[in-house]
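If you want the building blocks of each chain, they are given just below.
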Amino acid sequence: HLVRVFVNYRVSRSEDDSPMPRSAFSPADLPLVIPWLMILDRFGDSDYEYRLCGTDCVELFGIDYTKCELSDPLPEG
């Protein structure tokens, strides 16, 4: 399953329970996962923005969240 593939990748590049450092992530390592991946950047104390919204996520959700803030309202469906 793609979630297991990503979890294994993350665990192999993380220390203890810390988040995987951005420098340890290489999209080339996960070609099957990238279309389903959503990556957020943190700015400020508690604000987040989508840096990447994979193509399969865009197709599933019907919107490209790239550059949207996590706190933005969801579009009406």
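Residues numbered from 1 in each chain as written. Predicted model: local features only at pLDDT ≥ 70, side-chain atom pairs only at ≥ 80, totals over all residues. Heavy atoms only, no water.

Peer 1: I'd like to hear about the nonpolar core, residue by residue, with values.
Peer 2: Among the nonpolar cores identified, the biggest contains seven residues, and these are Tyr9, Met20, Phe25, Leu30, Val33, Leu37 and Ile39. If sequence neighbours within four positions are ignored, Val33 has contacts with Leu2, Val5 and Phe6. (Core = buried A, V, L, I, M, F, W, Y, C linked by side-chain atoms within 4.5 Å. Buried < 20%, exposed > 50% of the residue type's maximum accessible area, 1.4 Å probe, protein only. Contact = heavy atoms within 4.5 Å.)

Peer 1: An account of the side chain of Ser14 is requested, with residue identities and associated values reported.
Peer 2: Following the sequence through the fold, Ser14 ends up in the loop between helix H1 (2-12) and strand S1 (38-43). The exposure class of Ser14 is buried, given its relative accessible area of 14%. A polar side-chain atom of Ser14 sits 3.5 Å from the main-chain amide nitrogen of Met20. Sequence-distant contacts of Ser14, defined by excluding residues within four places in its chain, comprise Pro19 and Met20. (Helix = DSSP H or I, 4+ residues; strand = E, 2+ residues; numbered from the N terminus. Polar contact = N/O pair within 3.5 Å; in protein donor to acceptor, adjacent residues only side chain to side chain.)

Peer 1: So, the pairing of strand S2 (residues 47-53): which residues are in play, and what are the values?
Peer 2: Consecutive side chains along a regular strand alternate between the two faces of the sheet. Relative to S2, S1 runs antiparallel, the two sharing six bridges. Pairing of Leu40 across the sheet is with Tyr50, part of S2. Counting the residues between successive antiparallel strands, the hairpin from S1 to S2 contains three residues, one of them, Gly44, with a positive phi of roughly 70°. (Pairing = 2+ DSSP bridges.)

Peer 1: A description of a nonpolar patch on the surface should follow, citing residues and the corresponding values.
Peer 2: On the surface, Leu2, Val5, Leu32, Trp36, Leu60 and Phe61 cluster together into a nonpolar patch covering about 610 Å² of accessible area. Elements with a minimum of two residues in the nonpolar patch: H1 and helix H2 (55-61). (Patch = residues over 30% accessible without salt bridge, like charges linked within 9 Å, V, L, I, M, F, W, Y side chains within 5 Å. Areas by Shrake-Rupley, 256 points an atom, 1.4 Å probe, with all protein chains shown as cover. Salt bridge = Lys/Arg side-chain N within 4 Å of Asp/Glu carboxyl O.)

Peer 1: If you had to explain the packing of aromatic side chains to someone new, which residues and values would you point to?
Peer 2: Across all of its chains, the model carries three aromatic pairs by this definition. Plain terms: the ring middles of Tyr9 and Phe25 are 6.1 Å apart, the flat faces sit at 85° to each other, and that makes the pair edge-to-face. Taken together, the residues Tyr9 in helix H1 and Phe25 in the loop between H1 and S1 connect sequence positions 16 residues apart. Summarising the aromatic geometry, the rings of Tyr50 and Tyr65 are spaced 5.4 Å apart at their centres and angled 40° between planes, so their arrangement reads as tilted. With Tyr50 in strand S2 and Tyr65 in the segment after H2, this residue pair connects regions lying 15 residues apart in the sequence. Exposure remark for Tyr50: the relative accessible area of 12% places this residue in the buried category. With a relative accessible area of 14%, Tyr65 lands in the buried category. An aromatic cluster of three or more residues is present, and its members are Tyr50, Phe61 and Tyr65. (Phe/Tyr/Trp six-rings, centres within 6.5 Å; stacked < 30°, edge-to-face > 60°.)

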